[in-house]
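The primary structure of each chain is shown beneath.
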Amino acid sequence: SVTITAMPFFVAKDHGFFQQEGLNVEMVVMPASLNIKVLLAGEIQYAATIGSAVAAAIRGINVRTVMLFVDRPLQDLVGAAGIKSLTDLKGKTLALSSRGGLQDIIMQRILTAAKIDHNQVTTITIAGQTALITALKSGSVAAALLNPPYNFLAYREGLNNLGFSGNFVRLPSTGIATMGETLERNPDQVRRLTRAIARARAFAKDNKAKVFPTLKRALRIDDEELLSKIYEQHKKVETPDGRIDAKLMADTIHDARETAGVTKEIPISQVFDFSYLPPR
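To keep things clear, this report deals only with the structure shown in the data block. (Residues numbered from 1 in each chain as written. Predicted model: local features only at pLDDT ≥ 70, side-chain atom pairs only at ≥ 80, totals over all residues. Heavy atoms only, no water.)

1. What to know about the overall build of the chain
Inference 1: Regarding its fold elements, the chain presents twelve helices and eight strands.
Inference 2: Here the chain has a C-alpha radius of gyration of 19 Å; the compact-globule value for 280 residues is 19 Å, and the two agree.
Inference 3: Taken along its principal axes, the extent of the C-alpha atoms in the chain is 55 × 50 × 30 Å.
Inference 4: Going through the 280 residues of the chain one by one, you find that 49% of them count as buried.
Inference 5: Long-range contacts, defined here as pairs at least 24 residues apart, represent 77% of the contacts in the chain between residues at least 6 apart.
Inference 6: For the chain, the exposed area adds up to about 13,300 Å²; of that, 50% sits on carbon and sulfur atoms.
Inference 7: One finds the centroid of the 34 positive side-chain charges in the chain at a distance of 1 Å from the centroid of its 27 negative side-chain charges. (Helix = DSSP H or I, 4+ residues; strand = E, 2+ residues; numbered from the N terminus. Rg over C-alpha atoms; globule rule 2.2 N^0.38 Å. Buried < 20%, exposed > 50% of the residue type's maximum accessible area, 1.4 Å probe, protein only. Contact = heavy atoms within 4.5 Å. Areas by Shrake-Rupley, 256 points an atom, 1.4 Å probe, with all protein chains shown as cover. Lys, Arg positive; Asp, Glu negative; His and termini not counted. Charge placed at Lys NZ, Arg CZ, Asp CG, Glu CD.)

2. Some remarks on the sheet that holds strand E3 (residues 76–79)
Inference 1: In space, the five strands of this open sheet follow the order E5-E4-E6-E3-E7, with mixed pairing throughout. A strand with exactly one partner marks an edge of an open sheet, and here the two such strands are strand E5 (122–125) and strand E7 (160–164). Averaged over neighbouring strand pairs, the angle between their axes works out to 25° when direction is ignored.
Inference 2: As paired elements, E3 and E7 share four bridges and run antiparallel to each other. Residue pairing for E7: Val78 is matched across the bridge by Asn161.
Inference 3: With respect to the sheet, helix H6 (residues 129–138) is in contact with E3, strand E4 (93–96) and strand E6 (143–146), its orientation differing from that of E6 by roughly 155°. (Pairing = 2+ DSSP bridges. Axes fitted to C-alpha atoms, helices over the stretch in contact; angles between N-to-C directions.)

3. Remarks on the environment of Ile58
Inference 1: Along the chain, the position of Ile58 falls in helix H4 (residues 50–58).
Inference 2: The exposure class assigned to Ile58 is buried, which follows from its relative accessible area of 5%.
Inference 3: Ignoring sequence-local partners within four residues, the contact set of Ile58 consists of Ile253, Ala256, Arg257, Ala260, Val262, Ile266, Gln270 and Val271.

4. Concerning the side chain of Asn35
Inference 1: Within the secondary structure, Asn35 sits in helix H3 (residues 35–40).
Inference 2: In this structure the side chain of Asn35 is engaged in a polar contact, spanning 3.1 Å, whose partner is the backbone nitrogen of Ala48.
Inference 3: With residues up to four places along the chain from it excluded, the contact list for Asn35 reads Met30, Ile44, Ala47, Ala48 and Thr49. (Polar contact = N/O pair within 3.5 Å; in protein donor to acceptor, adjacent residues only side chain to side chain.)

5. Some thoughts on helix H5 (residues 102–113)
Inference 1: Relative to the 16 Å expected for twelve residues at 1.5 Å per residue, H5 spans 17 Å between its end C-alpha atoms, a close match to the ideal helical length.
Inference 2: For H5, the secondary structure elements touched by its buried residues are E3, E4 and E6.
Inference 3: Two residues or fewer after H5 comes Lys115, characterised by a positive phi angle close to 60°. (Expected span 1.5 Å × (residues − 1).)

6. Some words on the sheet that holds strand E8 (residues 174–179)
Inference 1: Strand order in the open sheet formed by three strands is E1-E8-E2, with antiparallel pairing between adjacent strands. Unpaired on one side and paired on the other, strand E1 (47–49) and strand E2 (63–68) mark the two borders of the sheet. Averaged over all neighbouring strand pairs, the angle between strand axes comes to 40°, with direction disregarded.
Inference 2: Sheet topology places E1 next to E8; two bridges connect them, and they run antiparallel. Residue pairing in the sheet places Ala47 in a bridge with Ala177 of E8.

7. A closer look at the nonpolar core
Inference 1: Core analysis: the biggest nonpolar cluster contains 64 residues, and Val11, Phe18, Ile176, Ile197, Leu215, Val271 and Phe272 have the highest contact counts within it.
Inference 2: No other element matches helix H9 (residues 187–206), which puts seven residues into this core.
Inference 3: Apart from the residues lying within four places of it in its own chain, the contact partners of Leu215 are Ile4, Met7, Arg220, Leu227 and Tyr231.
Inference 4: Counting 32 residues, the second-largest nonpolar core is a separate cluster that includes Leu96, Ile110, Leu136 and Leu171. (Core = buried A, V, L, I, M, F, W, Y, C linked by side-chain atoms within 4.5 Å.)

8. Considerations on the pattern of salt bridges
Inference 1: Taken as a whole and assessed by the stated rule, the structure comprises 17 salt bridges.
Inference 2: For the salt bridge of Arg195 with Glu21, the shortest nitrogen-to-oxygen distance reads 2.8 Å. With a gap of 174 residues between them, Arg195 in helix H9 and Glu21 in the loop between helix H2 (17–20) and H3 connect regions that are remote in the sequence.
Inference 3: Overlapping salt bridges, with partners in common, bring together Asp71, Arg72, Arg170 and Asp245 in one network. (Salt bridge = Lys/Arg side-chain N within 4 Å of Asp/Glu carboxyl O.)

This is how it looks when you write it as structure tokens:
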């Protein structure tokens, strides 16, 4: 699916930044799990799903992340009616839309910050954001992690914001990854691409009204109040210039190694390379 974190791609295309760099860009939407597989097959030249790129790089695949749009997740932990704070969650049932990934990490970090042991709650999986809202409204779960725009739709239904995940977790998710061969054989194209995206990001920050038509088409949302809330929340998680700091790079690699069971130390240069970005 297309989310607000992909906004720079659509703005760059709609507002001519790709064309100004001499790039003819086709954007393809596919499941995140396929991004790197299709990149390796040579059917796309750049992938946007950074988690998959990092996982591939630590396994020795010659993939590099060259730009990052966001450095933390966008989900909110949303509480049912009567659940006003994190401390109200003890002994309750919580819901995620999937297990074994980012949502588990977010929920655990939030509970840890609230000094709630995982044994003090029950966590279940409910597929689909609409189904999560229904479960919250019925009271069958006390809280659930919701992505934009569903978090804001939930608040319209009288549900409660218990916490913004970006305040608890730093983790890059969307950006630009490519094969090491592309960096070696066509570095000028990579620089033109990152330059186009950098200009699109700056344009989007300064021209909210002008990018709304692009967002309406990309996200398929006509509700301007809802779009405005999504746009403003997205600003909280944007990287300033496409880079992240060394600590977050190291932490991201460490988390990916733990998930994959990779014991070997992985140098940052094997995973991230921001030298193709426009100068600061």
